[in-house]
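# Architecture at a glance
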Amino acid sequence: MPNPLSAGHLHLNFPTHPPPPSQYALSLLRPSQFPLAVIGIASFCQTSTLKSIYSQFNAALLDIFPASNQFPLARTCFVFEENDIATNLSASNDLPGVVIIPSMMGNKRLYIGTLLADLCSQILGEFGVVMQALESPFGNEYLNGSLLAALPPLSELPLSLDSDRRGSVPNFSSPDVLKSDSASTSIPPMKRNSSSGPNYRLGVQPPKKRLSTIGVASSHARLYKMLGDFFLLAGRTEDSTIWYTEALQLFKNSQDHAWHAAVLEGLATISVVEAWSAGHGLHNSTTSSKEPWSDAIEKLTQATTLYHKSPLYYEGESIYAPLAYLYSCCVLRHSSLLFAVWSAKGWGPLAFTTMLQPGPKAHLPPTLAHDEADQWLNLERLTKYSGISRSSISNVLGQIHGPWLLHLHPRERLSILTTMASVYACLGYKRKEAYLLREVLGCVMDLIVCGREEDGITKVSGPRNTGLGIENGNITPINPLTYLDQGSVAVRMSESSLGNDSVLRILKQVCKTIGIDLDAVKLVHASTQETELAESSQNEASTNDDGSELERPETYGWPELQVGVVREAVAVAEALPDFPAVAQFALSSLKTLQTVLSPGDQHHLYSTSMRAITTARRRGDSKFFEYWSGRPVVSVALAPVPLVRLPVEKHLSVLSKQKSDLTPIIQGITDPFLYNPRRVTAKKDQEIVAQNEVLEFVVVLQNPFIFDLELQCLSLSTSGVKFQSEPVRVVLPASSFHQVVIPGKVMATGILTIRGCFVQAPGGITQEFILPLNTAEEEERITRRKSALICEAERYKYWGLESLPWEKPKRSIKYHSSQLNPRTNLRFLECKVVPEQPLLRIRRTSVNHGALMLYEGERSTLRITLENISLLPIDFVHLAFDDSTIEPAQQALAEGAMSSSDVYETEHSLINQPVFTWNKSEGRLIPPGHTLSLSISCFGKSGCTNGNVHVSYSYTHRTDLEKPSDYFYTRQLSHPIMVTVYPMLQCQNMDLIPFPSYMDYIQTPSTTTYHNNLGVDDGASWCLFSVEVRNVYGSPFEVTFEREQYGTSHSSTTTTIPPGSTSRVVLPLRRTALSQEDTSKAIPTLSDRQFVVAKDKLSTAELHLQRELFWYREALFKSIQGYWKEVGGTRTGEMSLRQQRMTLPMLEAFKSNVARVDLSLISCDLPKENTIDGRRVWKANEFLKLKVRITNLSSFAIPLSLTLDLEPSDCLIYEGVIADIPIGRLDEGMTREIEFPICFLTNGHFELVAQVRAVGFDIKPAKAEIIAAVRS
Amino acid sequence: MSHHLFILSPADSPIYSLTHHSTRAAASTVSPLASNLPTWSTSAFAGTLTALSGASSVAQHTPSGPVKMGGGQDRHVIQMIANASLDAIEDVMRKENAMYLRAVDKFNEWTVSAFVTPGNVKFVLLHEAKNDEGIRAFFMEVWEMYVKAQLNPFHGLISSSAFDGRIRASAKKYL
């Protein structure tokens, strides 16, 4: 035994698992893969005997390592004694390999160290034994017998080997292997021929000579390689170098690639070990042009190539798996060397530490163990220090990957894939890591599924899908549930869910790299649900407020890949099985990948998630999901309350105010301004609803998915007064908007605020979606936000993996704007709830079928009976009417394109001739259950087709309220009435004509016929009114026109007009004069409309004329009224002349002259009068007097002048001037007479005309004429 | 011999993709390790593995007859490889100024060449044989066509059949 306290290094590796049986074939090619010794640890107590422990140890050993294998070479069992047990130490002598460690012993550490050293020397001894066996010709044949040589069974070896086995042990080298001994460096590289140098102490002779004698058929290359291997394991690098070099020479010409490569690998290892032992690899070769590790790299590259082209068939046996494994290991060795140097910032102690002791976590060197290690800068720094680029490591590592991975046994494949993945992860190659992790998952799942099938529980029938199962749109049928469907009962043998979490974590990692957040839909535990809910509602405003979750304008990641990975993820979770995870994954992907998922996928994911939720629930899972389908609620609105029930708010003061009804009718609106900027804002957002009445809210929901979406529970989220409603269950049809009506009742008065909706999906938690009102600033805010986001979205500030949405919050740069801040004051839909209101209905009306038939101008009455059907009295009833003529008239007025006289006509017809009127005094209190009859008078207005009776009612003076309010609420009842107005009499061709003036000279007024018939005293101050009346109806009517004029007697004319005929009605009318002030007044407007500048530009004269016409027309209509009466019936009505025009000649006829002129001839001498045929006859050459009598008819004093026109003028003589004779100012009604001497010179008829004009006024002169007959 | 071209946006979303089967024969250097893979697929996950590892010509025997699976031509796998190669591309493009990144990555049998436009749009080409000058010329033409297509404010790249046709013509010419 050597000195146990001597200094040195002993590198022991404690593997956690025994090598799989598949690797036994490699036992000679790669002895370092196998455990060389086994240490058993037992505790010894009173009840057990040492023998039983020993047999137990052996049995366990046999279980792990089959007897046929030569490994382990050494074995020992440390039996730890428990307290105060007297042990029979002597027993240990009988049992080889059992060491008893007494409990009393101090310094156990040292003792165990010694024991381990002893074990190592045992191993070294065994190396010799193995070598001896191989050295024999028989052994060498075995060694060269197959591609992966196997050790001959011990039974076939010559016995002599076994006999001197004990003896050879002491000859072995000291156990302080790998000791940095100075001798090794001092020895110069030996020549090949002297390879059997002093270090060769195995007792074999220099190989070449001796072996050539025994193994005739086979070369000794493999034997030399084995020697090199064992020397390397024993830590004697010089010896192993010698033997390796020897072997290399022999292999150069052979085709034994695998062994050749193994030698190269060994040499590479030696170079690393030597570098380590030489002053712990401190940099002393900075001058050398080559990197210190390039030698090893070169050898490894060579080895890789050799493995790669190594023939697979060797004398009839195929050995894919071991070769693929060796190849992979070699590449892995290569890349891990590079990786270690890279991660240790260069060739140095740290690199060796990394290679030897991987640290607390495998494959994570200390330089990469901190948080920010995966940042590009940090990774590049390592490259800068080490001179090894990450891509070069990746390129080397990438060589492993290939179809040959399939040859490997699952465990090896798994370990190689995980190693690769972790190296890629350390390099910062996330996507490559994801690729490999997918394979790792495939591998793990394969094992899980296969393991399950081997239980014999689940028999899978039918063809399996091959490939990724992604291209053809089918999902892999690995799903226990589908087995259930087939009728067989699935029994889960293994309930263990250990490791499921890790598998799911890997899944999430892969998906995150690809750009899918599988945690997008969070799982919430049932117990925390309430608190979560409270919190979420508070955060709501900040997160969920953007009414429209702005549709993501850009996609990130690779949609096709994402879909494939997601489907795989769901399949994996199903196969585990982890039902909450299945549902979570499926829902998350539905939420995040909705735009790229095909209909089939959407269906599949949805049905899978629903199934999984049900299963999980059945199995007692208490987790719930967040709401996942985006934002289902689009809008909430109060369904319009039926007009009958709609309360209208009115201030109490309107009751006392004396209202003029005209204005609203004229304008249709109450606003005196044509344009009122405040009117828009005056509209309130509040709807008024009554307490204790059913309200209906219309909720518009959207389902962007291709399947029918079920919402377990949908209810309104309200605040303010108590609202009673039942949650509803809704199924939203696929990809559509859906309307749901939620009824409810408000229980108190006040303000009811509808914040939004509570939505709950099956298996999910209830989530509130708030719906603020879209006010103007809100709209603008959203628009701004949208455009800001779109603007940002198009800019790729970050690319690749950094562009993923969950990476963004980490960045500090953000677009800051006050517009983007979440709003602080949210406004919601509000309802003002007012006290309970009475309800009225129309019980009956006197109108049959709601249709009213009238003759034009007819007046009739209809009765309407109202009934109070509520429990509250009604103390206010008001009727308002509406008919089809009002609106066009209002519109025409509003357009303002009419002349002022037309405006007057229209307004007149609106105000003075409404279709319906009622008597206000009829409205009175209606107690609950009582009725009230109202009569409405109707007027047959032409053009009216329908009308409405609006009944406003209210319980105004309430006694049931605690505090009186300033407002009261009215409700309205509307009763539409069809109106048919038959036009039957048409007035046309209205005319006014003066009396014929030629009659004037008939100087016997008392005897004239028209005086008698018409009651006209004097032709000059009368005119004739005439109008044609046409009966266009089927029955005769009696038409009466009446004259009602100041200063004249009442007069009327009546005719019966048969159907189809026209009759002219004539009525004398006294000419009237309106004062200047009257006629110069502007045409009035009946309403107090805002003044509009007249559009038609009229001159002063035209304007004056227009006004005169207007006022005289009004005067005419005032004095003439027309009535009709049904012949043989009772229906009567008015006739309107307002359609008739008044022309200028008519005006002249109607308007009385400025003065009245009477002419008369008076004989100077002869009292006797000479008449012929009743007419006065004058004599020629007789002096006469022409008397002109002038009376001022105007209403003020005017100066007048007189002009006489005497024809034929040359046949008479007169005195003085006859033109412009001043008469002087005459007061109103004053008369003056002027006499002219005149003498007719011949016989004949003379025409004497007098014209009186007002001086200084532009008034038509008054005229009078007489004809004098002269006969001698 | 086939080529796969992907035009990727800076957010790694494919804007355009093309699979081109070249008439030139591939210099197939199949490693003995990769030949004669076992009939090995007992579960769907094994299928995933087979496909991802790029195993070629594996006949899967199902009752309906042998089904060819994997073969390295699985579209999804091609996409995975193109996506994974972005790691290497990003690494190189941060350090080098060149737009054309020749054989920037190798995976399974595929060599990946890339072209990075100034707007950070990446053209990723998966090819099997070495054809440096051809690929460079192809990339330059694709770039020109891409820029021209981008100049049109009314047309997206994906929907343009003219773009597709020209790329195909160019691929025929150079690859």
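A quick note: this is a predicted structure, and the numbers were derived from the prediction, not measured.

## Comments concerning the overall build of chain B
When you go through chain B residue by residue, the secondary structure sums to 4 helices and 7 strands. Starting at the N terminus and ending at the C terminus, chain B contains elements arranged as β-β-α-β-β-α-β-β-β-α-α. Across the 175 residues that make up chain B, the buried fraction comes to 57%. Long-range contacts, defined as pairs at least 24 residues apart, comprise 50% of the intrachain contacts of chain B with a sequence gap of at least 6.

## Things to note about the overall build of chain A
Across its full length, chain A carries 34 helices and 43 strands. Burial analysis of chain A (1272 residues in total) assigns 46% to the buried set. The contacts in chain A between residues at least 6 apart in sequence include a share of 77% that link residues at least 24 apart.

## As for the nonpolar core
The nonpolar side chains of a soluble globular protein tend to be buried with one another. Formed by 203 residues in total, the largest nonpolar core has its most connected members in A:Trp628, A:Phe697, A:Leu752 and B:Ile89. Both domains that furnish three or more residues to this core are identified here as domain 1 (1-215) and domain 2 (320-460) of chain A. Grouped together as the second largest cluster of nonpolar side chains are 35 residues, A:Ala1180, A:Leu1206, A:Ala1254 and A:Ala1268 included.

## As for the sheet that holds strand β1 (residues 2-8) of chain B
Residues and elements named next belong to chain B. What the 5 strands build is an open sheet, ordered β2-β1-β7-β6-β5; its pairing is antiparallel. Two strands lie at the open edges of the sheet, namely β2 (14-21) and β5 (100-107), each paired on one side alone. Each adjacent strand pair in this sheet contributes to an overall mean axis angle of 20°, direction not counted. Sheet topology note: the β1/β2 ladder contains 7 bridges and is antiparallel. Counted as the bridge partner of Phe6 is Ser17 from β2. In this fold helix α3 (residues 132-151) packs onto β1, β2, β5, β6 (110-116) and β7 (122-127), with an angle of close to 145° to the strand it touches most, β7.

## Details of the pattern of salt bridges
Summed over the entire model, instances satisfying the criterion amount to 38 salt bridges over all chains. When the shortest N-O distance is used, the salt bridge between A:Glu905 and A:Arg1113 registers 2.9 Å. You can see A:Glu905 sitting in helix α30 (residues 900-912) and its partner A:Arg1113 sitting in helix α33 (residues 1100-1119), a full 208 residues away along the chain. The pair formed by A:Glu905 and A:Arg1113 is uniform in burial state, with each residue classed as buried. Notably, a salt bridge pairs B:Glu141 with B:Lys173, separated by 3.3 Å at the nearest N-O pair.

## Remarks on the pairing of strand β18 (residues 829-834) of chain A
Residues and elements named next belong to chain A. Relative to β18, strand β10 (residues 687-690) runs parallel, the two being bridged by 4 bridges. Across the sheet, Glu687 pairs through a bridge with Cys831, a residue of β18. For strand β16 (residues 750-760) and β18, the ladder comprises 5 bridges, and the chain directions are antiparallel. Among the inter-strand pairings, Leu752 is bridged to a residue of β18, identified as Cys831.

## A short note on the side chain of A:Gln760
Turning to its location among the elements, A:Gln760 is positioned in strand β16. At a separation of 3.0 Å, a polar atom in the side chain of A:Gln760 contacts the main-chain carbonyl oxygen of A:Gly764.

## Considering a nonpolar patch on the surface
Judged by side-chain polarity, A:Leu10, A:Leu12 and A:Phe14 come together as a nonpolar surface patch covering roughly 300 Å² of accessible area. With respect to the secondary-structure elements, A:Phe14 resides in the segment before β1 (37-44).

## Focus on helix α20 (residues 500-514) of chain A
Helix length check: α20(A), at 15 residues, gives a terminal C-alpha distance of 21 Å against a target of 21 Å (1.5 Å per residue), a fit within 8%. All of the buried residues along α20(A) are A:Asn500, A:Val503, A:Leu504, A:Leu507, A:Val510, A:Cys511, A:Thr513 and A:Ile514.

## Examining the packing of helix α10 (residues 237-251) of chain A against helix α11 (residues 257-277) of chain A
All names here are of chain A. Interaxial distance between α10 and α11 falls to 10 Å at its minimum, and their mutual angle equals 150°. In terms of their interaxial angle, α10 and α11 are classed as roughly antiparallel. Crossing of α10 against α11: the hand is left-handed. Counted together, Thr237, Ser240, Thr241, Tyr244, Ala247, Leu248 and Phe251 of α10 and Trp259, His260, Val263, Leu264, Gly266, Leu267, Ile270, Val273 and Glu274 of α11 form the full contact between these two elements. Class assignment of the residues belonging to the contact of α10 with α11 gives a composition of 10 nonpolar, 5 polar and 1 charged.

## Some points on the packing of helix α23 (residues 579-592) of chain A against helix α24 (residues 599-618) of chain A
All names here are of chain A. Their axes nearest at 8 Å, the elements α23 and α24 cross at an angle of 150°. Classified by the angle between their axes, α23 and α24 sit roughly antiparallel to one another. Crossing geometry of α23 relative to α24 is assigned as left-handed. Taken together, the residues of α24 that come into contact with α23 (itself represented by Phe579, Pro580, Val582, Ala583, Ala586, Leu587, Ser589 and Leu590) are Gln602, Leu605, Tyr606, Thr608, Ser609, Ala612, Ile613, Thr615 and Ala616. Considered class by class, the residues forming the contact of α23 with α24 number 12 nonpolar, 5 polar and no charged.

## Some points on the side chain of A:Ser1201
All names here are of chain A. Note on placement: Ser1201 falls in strand β38 (residues 1198-1207). For Ser1201, a relative accessible area of 8% corresponds to the buried category. In this structure Ser1201 touches Asp1220, Ile1221, Pro1222, Ile1223, Gln1251, Val1252, Arg1253 and Val1255, once residues within four positions along its chain are discounted.

## Quick look at the environment of A:Val449
Here A:Val449 shows up in helix α18 (residues 430-454). Measuring from C-alpha to C-alpha, the distance between A:Val449 and A:Leu576 comes to 8.5 Å, with 127 residues separating the pair along the chain.

## Digging into a negative patch on the surface
Taken together, A:Asp1205, A:Glu1207, A:Asp1210, A:Glu1247 and A:Glu1265 make up a surface patch of like negative charges. For A:Glu1207, the position within the fold is in strand β38.

## Description of the sheet that holds strand β15 (residues 736-746) of chain A
Residues and elements named next belong to chain A. Strand order in this open sheet of 4 strands is β8-β11-β15-β13, and the pairing throughout is antiparallel. Single-partner strands in this sheet number two, and they are β8 (633-638) and β13 (723-725). Pairs of neighbouring strands in the sheet enclose a mean axial angle of 30°, with direction left out of account. Sheet analysis places β13 next to β15, joined by 3 bridges and oriented antiparallel. The residue of β15 that forms the bridge with Gln724 is Lys745.

## Description of unusual backbone geometry
Cis geometry is found at the peptide bond from A:Leu576 to A:Pro577, where omega equals -10°. The step from A:Glu1207 to A:Pro1208 runs through a cis peptide bond, and the omega angle for that step is -10°. With respect to the helices, strands and loops of the structure, A:Pro1208 is situated in the loop between β38 and β39 (1212-1214). Notably, A:Asn1181 is not glycine yet its phi reads approximately 55°, a positive angle. Note that A:Asn1181 resides in the loop between β36 (1175-1178) and β37 (1183-1192). The phi angle at B:Asp12 is positive, at roughly 70°, despite the residue not being glycine. Looking at where B:Asp12 falls in the secondary structure, it is placed in the loop between β1 and β2.

## Notes on the environment of A:Lys1125
All names here are of chain A. Note on placement: Lys1125 falls in strand β32 (residues 1120-1126). With 87 residues separating them along the chain, Lys1125 and Glu1038 place their C-alpha atoms 5.1 Å apart. Beyond its immediate chain neighbours, meaning those up to four positions away, Lys1125 contacts Phe1037, Glu1038, Arg1131 and Thr1132.

## What to know about the confidence of the model for chain A
The share of residues in chain A with pLDDT of 70 or more is 76%, and the mean pLDDT across the chain is 75. Confidence drops under pLDDT 50 across residues 158-216 of chain A; counting only partners more than four residues distant or on other chains, this segment forms 85 contacts.

## Some words on the confidence of the model for chain B
All names here are of chain B. Scored by pLDDT, chain B comes out at a mean of 76, with 69% of its residues at no less than 70. Segment residues 38-44 is flagged for pLDDT under 50; beyond a separation of four residues in sequence, or across chains, it makes 26 contacts in the model. In the model, residues 56-72 has pLDDT below 50 throughout and makes 41 contacts with residues more than four positions away in sequence or in other chains.

## So, helix α9 (residues 221-234) of chain A
Residue and element names in this part refer to chain A. The terminal C-alpha atoms of α9, which comprises 14 residues, lie 20 Å apart, in line with the 20 Å expected from a rise of 1.5 Å per residue. Of all 14 residues making up α9, 13 are buried, and the element is well covered by its neighbours. The positive-phi residue at the C-terminal boundary of α9 is Gly235, with phi of around 90°.

How each quantity is defined
Residues numbered from 1 in each chain as written. Chains lettered and ligands numbered in written order. Predicted model: local features only at pLDDT ≥ 70, side-chain atom pairs only at ≥ 80, totals over all residues. Heavy atoms only, no water. Helix = DSSP H or I, 4+ residues; strand = E, 2+ residues; numbered from the N terminus. Buried < 20%, exposed > 50% of the residue type's maximum accessible area, 1.4 Å probe, protein only. Contact = heavy atoms within 4.5 Å. Core = buried A, V, L, I, M, F, W, Y, C linked by side-chain atoms within 4.5 Å. Domains from an automatic or database assignment. Pairing = 2+ DSSP bridges. Axes fitted to C-alpha atoms, helices over the stretch in contact; angles between N-to-C directions. Salt bridge = Lys/Arg side-chain N within 4 Å of Asp/Glu carboxyl O. Polar contact = N/O pair within 3.5 Å; in protein donor to acceptor, adjacent residues only side chain to side chain. Patch = residues over 30% accessible without salt bridge, like charges linked within 9 Å, V, L, I, M, F, W, Y side chains within 5 Å. Areas by Shrake-Rupley, 256 points an atom, 1.4 Å probe, with all protein chains shown as cover. Expected span 1.5 Å × (residues − 1). Parallel < 35°, antiparallel > 145°, perpendicular 65-115°, else oblique. Left-handed = near helix turned anticlockwise from the far one by under 90°. Nonpolar A, V, L, I, M, F, W, Y, C, P; charged D, E, K, R; others polar. Lys, Arg positive; Asp, Glu negative; His and termini not counted. Charge placed at Lys NZ, Arg CZ, Asp CG, Glu CD. pLDDT = per-residue confidence, 0-100.

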